[in-house]
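Chain residues, written in single-letter form:
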Amino acid sequence: MVALPAFDALPLFPLNTVVFPGGHLALKVFEARYLDLMGRCLRSAEPFGVIALLQGAEVGTDTPRLEMAGCGVLARIDEIDAEQAGILLVRCTGLQRFRLLEAPSQQPDGLWTARATRLADDAPAPLEPALAGTAEGLSRLAARLEAKAQPLPWKGPARFDDAGWVANRWCELLPVPVATRQKLLELDDAAARLRLVDEFLRNRGILKA
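Residues numbered from 1 in each chain as written. Predicted model: local features only at pLDDT ≥ 70, side-chain atom pairs only at ≥ 80, totals over all residues. Heavy atoms only, no water.

Caption draft 1: Broad picture of the overall build of the protein chain. Check the secondary structure of the protein chain and you find five helices and eight strands. Ordered by position in the sequence, the α and β elements of the protein chain form the string β-β-α-β-β-β-β-β-β-α-α-α-α. Taking 17 Å as the expected radius of gyration for a compact globule of 209 residues, we find that the protein chain reaches 18 Å, a close match to that expectation. Across the 209 residues in the protein chain, those meeting the buried criterion constitute 44%. For the protein chain, the share of sequence-separated contacts (at least 6 apart) that also reach a separation of at least 24 residues comes to 66%. Total accessible area computed for the protein chain in this model is approximately 10,700 Å², and 54% of it derives from carbon and sulfur atoms. Distance from the positive charge centre (24 side chains) to the negative charge centre (26 side chains) of the protein chain: 4 Å. (Helix = DSSP H or I, 4+ residues; strand = E, 2+ residues; numbered from the N terminus. Rg over C-alpha atoms; globule rule 2.2 N^0.38 Å. Buried < 20%, exposed > 50% of the residue type's maximum accessible area, 1.4 Å probe, protein only. Contact = heavy atoms within 4.5 Å. Areas by Shrake-Rupley, 256 points an atom, 1.4 Å probe, with all protein chains shown as cover. Lys, Arg positive; Asp, Glu negative; His and termini not counted. Charge placed at Lys NZ, Arg CZ, Asp CG, Glu CD.)

As structure tokens, this is what we get:
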């Protein structure tokens, strides 16, 4: 992994899901520690870290057996709506991956933080000819959603010719356990990530062999 500048105390938002760079994230925030975090991130224009929970609950501070993944994704707040007093609906975009440099520690207000370093973005990687069907399948899915006037599950322009981008979009959609999705996120080789996705799709009959 390529190490980039580190965070001394990256605020963490543990979730029972895995976010990928470029993906959408919708949060319903009501705990005081996370309401405060959203306010700080808005004022500073700084991201926070979304990290998968491998064991434990998302809410509450009494989490003696909480286990987080070692790699997550920075999230940028795009929009915030106040559904009612004390509840925020937050829409975010996944940015760059990060890796924890130490075990997370819990602050007095219950917020988890940790030293962490950014990881390099996937290098642009052209699709291998044998994996072209994976991109075509994603393109057909996008066309069906647009025909039904449904939002696409990603931010920004589509990059159906880029192995990492196609792999990330499928990883968000695959019906696999959180631990499996996490392993895909941690792969530095975008082409290898896409090959695993392609194998899964063909084994499940989602793509024709």
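Caption draft 2: Here's a closer look at the pattern of salt bridges. Scanning all chains against the criterion turns up nine salt bridges. The salt bridge partner of D81 is R91, with a shortest N-O separation of 2.5 Å. Of this pair, D81 sits in strand β5 (residues 71-84) while R91 sits in strand β6 (residues 87-100), and the two are ten residues apart along the sequence. Note on D81: relative accessible area 36%, which makes it partly exposed. For R91, a relative accessible area of 28% corresponds to the partly exposed category. (Salt bridge = Lys/Arg side-chain N within 4 Å of Asp/Glu carboxyl O.)

Caption draft 3: Layout of the packing of helix α2 (residues 132-147) against helix α3 (residues 163-173). One way to put it is that α2 packs onto α3 with a least axis distance of 10 Å and a crossing angle of 60 degrees. Classified by the angle between their axes, α2 and α3 sit oblique to one another. As for the relative orientation of α2 and α3, their crossing is left-handed in sense. For the pair α2 and α3, the contacting residues are T134, A135, G137, L138 and L141 in the first and W165, V166, R169, W170 and L173 in the second. A class-by-class count of the residues in the contact of α2 with α3 yields seven nonpolar, two polar and one charged. (Axes fitted to C-alpha atoms, helices over the stretch in contact; angles between N-to-C directions. Parallel < 35°, antiparallel > 145°, perpendicular 65-115°, else oblique. Left-handed = near helix turned anticlockwise from the far one by under 90°. Nonpolar A, V, L, I, M, F, W, Y, C, P; charged D, E, K, R; others polar.)

Caption draft 4: Focus on the environment of K183. Looking at the element boundaries, K183 is found in helix α4 (residues 178-186). Spatially, the C-alpha atoms of K183 and C71 are 9.4 Å apart, while their sequence positions differ by 112 residues.

Caption draft 5: How the structure looks around the packing of aromatic side chains. Going through the model one piece at a time under the given rule, you end up with three aromatic pairs. With centroids separated by 4.1 Å and ring planes inclined at 25 degrees, the aromatic side chains of F13 and Y34 adopt a geometry described as stacked. Here the residue F13 occupies a position in strand β1 (residues 3-15), and Y34 occupies one in helix α1 (residues 32-44), the gap between them amounting to 21 residues. Under the relative-accessibility criterion, F13 is labelled buried at 7%. Ring centres of F13 and F48 lie 6.1 Å apart, and the angle between their planes is 45 degrees; on these two criteria the pair is classed as tilted. (Phe/Tyr/Trp six-rings, centres within 6.5 Å; stacked < 30°, edge-to-face > 60°.)

Caption draft 6: Region of interest: helix α5 (residues 190-203). With 14 residues, α5 ought to run about 20 Å at 1.5 Å a step, and its terminal C-alpha atoms sit 20 Å apart, in line with that. Of all the positions in α5, only A190, A191, A192, R193, L194, V197, D198, F200 and L201 are classed as buried. If you follow the buried residues of α5, they end up packed against α2, α3 and α4. Phi for G205, located one or two positions after α5, is positive at around 80 degrees. (Expected span 1.5 Å × (residues − 1).)

Caption draft 7: View of the nonpolar core. By size, the foremost hydrophobic cluster in this structure holds 61 residues, and its most contacted members are L12, L27, M38 and F48. If one sorts the elements of this core by residue count, α3 sits on top with six residues. The residues contacting F48, other than those within four sequence positions of it, are L10, P11, F13, L27, L37, M38, C41, V73, L74, A75, I77 and C92. (Core = buried A, V, L, I, M, F, W, Y, C linked by side-chain atoms within 4.5 Å.)

Caption draft 8: Up close: unusual backbone geometry. Unlike most non-glycine residues, A45 shows phi in positive territory, near 60 degrees. Following the sequence through the fold, A45 ends up in the loop between α1 and β3 (48-55). What makes A45 exposed here is its relative accessible area of 67%. Not every positive phi belongs to a glycine, and A149 is a case in point at roughly 60 degrees. Here A149 shows up in the loop between α2 and α3. A149 sits in the exposed class, given a relative accessible area of 70%.

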